[in-house]
Amino acid sequence: DAGITQSPRHKVTETGTPVTLRCHQTENHRYMYWYRQDPGHGLRLIHYSYGVKDTDKGEVSDGYSVSRSKTEDFLLTLESATSSQTSVYFCAISESEAGNTIYFGEGSWLTVV
Amino acid sequence: QQQVKQSPQSLIVQKGGISIINCAYENTAFDYFPWYQQFPGKGPALLIAIRPDVSEKKEGRFTISFNKSAKQFSLHIMDSQPGDSATYFCAAVKTGANNLFFGTGTRLTVIP
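Okay, so let's go over this structure. (Residues numbered from 1 in each chain as written. Chains lettered and ligands numbered in written order. Predicted model: local features only at pLDDT ≥ 70, side-chain atom pairs only at ≥ 80, totals over all residues. Heavy atoms only, no water.)

Re the interface of chain B and chain A
How big an interface is tends to be reported as the loss of accessible area on association of its parts. For clarity, the cut-off: In what follows, a contact means two residues having at least one pair of non-hydrogen atoms within 4.5 Å. Buried area, as used here, totals the accessible surface that two parts lose on assembly, with accessibility defined by a 1.4 Å probe and the loss added over both. Salt bridge criterion: a side-chain nitrogen from Lys or Arg within 4 Å of a carboxyl oxygen from Asp or Glu. Identification of polar contacts relies on pairs of N or O atoms within 3.5 Å, with a donor-acceptor requirement for protein atoms, meaning one able to donate a hydrogen and the other able to accept it, and with residues adjacent in sequence counted only if both atoms are side-chain atoms. Under the DSSP-based scheme used, a helix requires at least four consecutive residues in state H or I and a strand at least two consecutive residues in state E, with every element numbered from the N terminus. Under the scheme applied here, ten amino acids are nonpolar (Ala, Val, Leu, Ile, Met, Phe, Trp, Tyr, Cys and Pro), four are charged (Asp, Glu, Lys and Arg), and all others, including Gly, are polar.
With 22 residues of chain B at the contact, the number on the chain A side is 23 residues. Summed over both sides, the interface of chain B with chain A buries roughly 1800 Å², with 53% coming from carbon and sulfur. By the criterion of area lost to chain A, the three top residues of chain B are P44, N98 and F102 of chain B, representing 30% of everything that side buries. At the boundary of chain B with chain A, the tally comes to one salt bridge. Between E106 of chain A and K42 of chain B there is a salt bridge; the shortest N-O distance is 2.9 Å. For the pair chain B and chain A, the interface holds three residue pairs in polar contact (both at pLDDT 80 or more). Only β4 (33–38) and β10 (101–102) of chain B provide two or more residues apiece to the side of chain B that touches chain A. When grouped by side-chain class, the residues that make up the side of chain B that touches chain A number 10 nonpolar, 10 polar and two charged.

Structural notes on the sheet that holds strand β8 (residues 72–77) of chain B
Residue and element names in this part refer to chain B. Stated formally: By this definition, two strands are paired if DSSP reports at least two bridges between them. Only the stretch in contact is used when a helix axis is fitted, and all axes are lines through C-alpha atoms; the angle between N-to-C directions ranges over 0 to 180 degrees.
The strand order β1-β3-β8-β7-β6 describes an open sheet built from five strands, whose pairing is antiparallel. The open sheet terminates on both sides in strands that have one partner only, identified here as β1 (4–7) and β6 (56–59). The sheet shows a mean angle of 15° between the axes of neighbouring strands, taken without regard to direction. Pairing between strand β3 (residues 19–25) and β8: six bridges, direction antiparallel. Note that in β8 the partner of C23 across the bridge is F73.

Have a look at this one:
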């Protein structure tokens, strides 16, 4: 899948605990994205990055933070997980902005109990 | 508020039939409309995309029809096959922006 590795692929965590999801790419693409997928909502953008240390919010960013210290890695952190953050999280990459081809990873299934 | 509205939610088609999925949008600034195909346990993959300067784009058995005045676009899958069974998402974005807005998805089942 376009050289994108997400970890962990599955995680169960307790409410109130911090969680970090990692996305690693081998394509050297400038743009990286975190989406969440929920029934009835499709995919919604959480945060994106347009370069090392350059990030911005998407439409559902509350409760999430991101960091990008290297081109190849984009981390998504849930500071204090809540049950509403139970979802499938997809990392995506693109060479340029979203008006061109975006490649998705295989997803990280997160359950907050 | 859903920026892109997609229907139907689910679709069952006989092998060899035509599958049609419809999407509508409100933001006239959108100028790139991709369709993604997603198999269970996998990430979405780009299937076909269109820009509003054309009314139709065809790639193999997949065709996008675009109606700019109605702000609607649709995906047609001709000669549908069981291997086409997947969830399909339409999306829209303004070139230069970074928020790709997705529809809610259509689960297609093609019966042999």
